[in-house]
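Structural overview for review
Here's the letter readout for the chains.
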Amino acid sequence: MKNVIPATIAIKDGICRVGLSMEEISDLALAGKEKRAFKCSTRDLPIFMSKHFDRAHEEFQIKADSDRDFISSLKPIWGATTVASTMYIAHLAGINTFVTGGTGGVHR
């Protein structure tokens, strides 16, 4: 055993997430069907993150003042990472070895 810890990487409402809960992984899968998930390569990260971080927080500020139930009803916008953006975010998080589903290998 090498003490490996699975950490699914994605972007949720403009924030890079390393290590999603099972509930978040399920919502990410559902978000694809609901058109709330977008493919994000390395070149897309700055634009996607700033656009969706601002959107989520603007909506929250507007609605939270008038409707407390809105907080629990927000559906997140997801960024589904490509191999390149997964590698970049993993590096930022201090992860030096990772595995992806689409390329058939382990990468360093």
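1. Topic: the environment of Lys 12
Mapped onto the elements of the fold, Lys 12 is located in strand 1 (residues 9-12). Sequence separation of Lys 12 and Leu 28 is 16 residues, and the distance between their C-alpha atoms is 8.8 Å. Side-chain polar atoms of Lys 12 contact the side chain of Glu 24, separated by 3.0 Å.

2. Section: the pairing of strand 2 (residues 15-18)
Bridge count between strand 1 and strand 2: four bridges; the pairing is antiparallel. Paired with Lys 12 across the strands is Ile 15, a residue of strand 2. Between strand 1 and strand 2, which pair antiparallel in sequence order, lie two residues; one of them, Asp 13, sits at a positive phi of approximately 50°.

3. Here's the deal with helix 4 (residues 83-92)
Buried within helix 4 we find Ser 85, Thr 86, Ile 89 and Ala 90. The buried residues of helix 4 occupy one face: seen down the axis, they fall within an arc of 135°. Residues of helix 4 that are exposed and point more than 90 degrees away from the buried face comprise His 91 and Leu 92. Following helix 4 by one or two positions, Gly 94 has its phi on the positive side, about 85°.

4. Thoughts on the environment of Ser 41
Mapped onto the elements of the fold, Ser 41 is located in the loop between strand 3 (37-40) and helix 2 (45-66). A residue is classified by how much of its surface remains accessible, and Ser 41, at 21% relative accessible area, is partly exposed. Residues Ser 41 and Thr 81, spaced 40 residues apart in sequence, show a C-alpha to C-alpha distance of 6.1 Å. Leaving out residues up to four positions away in the same chain, Ser 41 has contacts with Thr 82, Ala 84 and Ser 85.

5. Comments concerning the packing of aromatic side chains
Taken as a whole and assessed by the stated rule, the structure comprises one aromatic pair. Arranged with centres 6.2 Å apart and planes meeting at 55°, the rings of Phe 38 and Phe 48 form a pair that is tilted. Residue Phe 38 is located in strand 3, and its partner Phe 48 is located in helix 2; the two are separated by 10 residues in the primary sequence. A relative accessible area of 37% places Phe 38 in the partly exposed class.

6. A word on the environment of Cys 40
Positionally, Cys 40 belongs in strand 3. When its relative accessible area of 1% is taken as the criterion, Cys 40 is described as buried. For the pair Cys 40 and Ala 10, spaced 30 residues apart in sequence, the C-alpha separation works out to 9.0 Å. The contact partners of Cys 40, leaving out residues within four places of it in the chain, are Ile 11, Leu 45, Phe 48, Gly 79, Ala 80, Thr 81, Thr 82 and Ser 85.

Thresholds applied
- Residues numbered from 1 in each chain as written.
- Predicted model: local features only at pLDDT ≥ 70, side-chain atom pairs only at ≥ 80, totals over all residues.
- Heavy atoms only, no water.
- Helix = DSSP H or I, 4+ residues; strand = E, 2+ residues; numbered from the N terminus.
- Polar contact = N/O pair within 3.5 Å; in protein donor to acceptor, adjacent residues only side chain to side chain.
- Pairing = 2+ DSSP bridges.
- Buried < 20%, exposed > 50% of the residue type's maximum accessible area, 1.4 Å probe, protein only.
- Arc of directions from axis to C-beta.
- Contact = heavy atoms within 4.5 Å.
- Phe/Tyr/Trp six-rings, centres within 6.5 Å; stacked < 30°, edge-to-face > 60°.

So, to be careful, I would describe these as geometric facts and stop short of saying anything about function.
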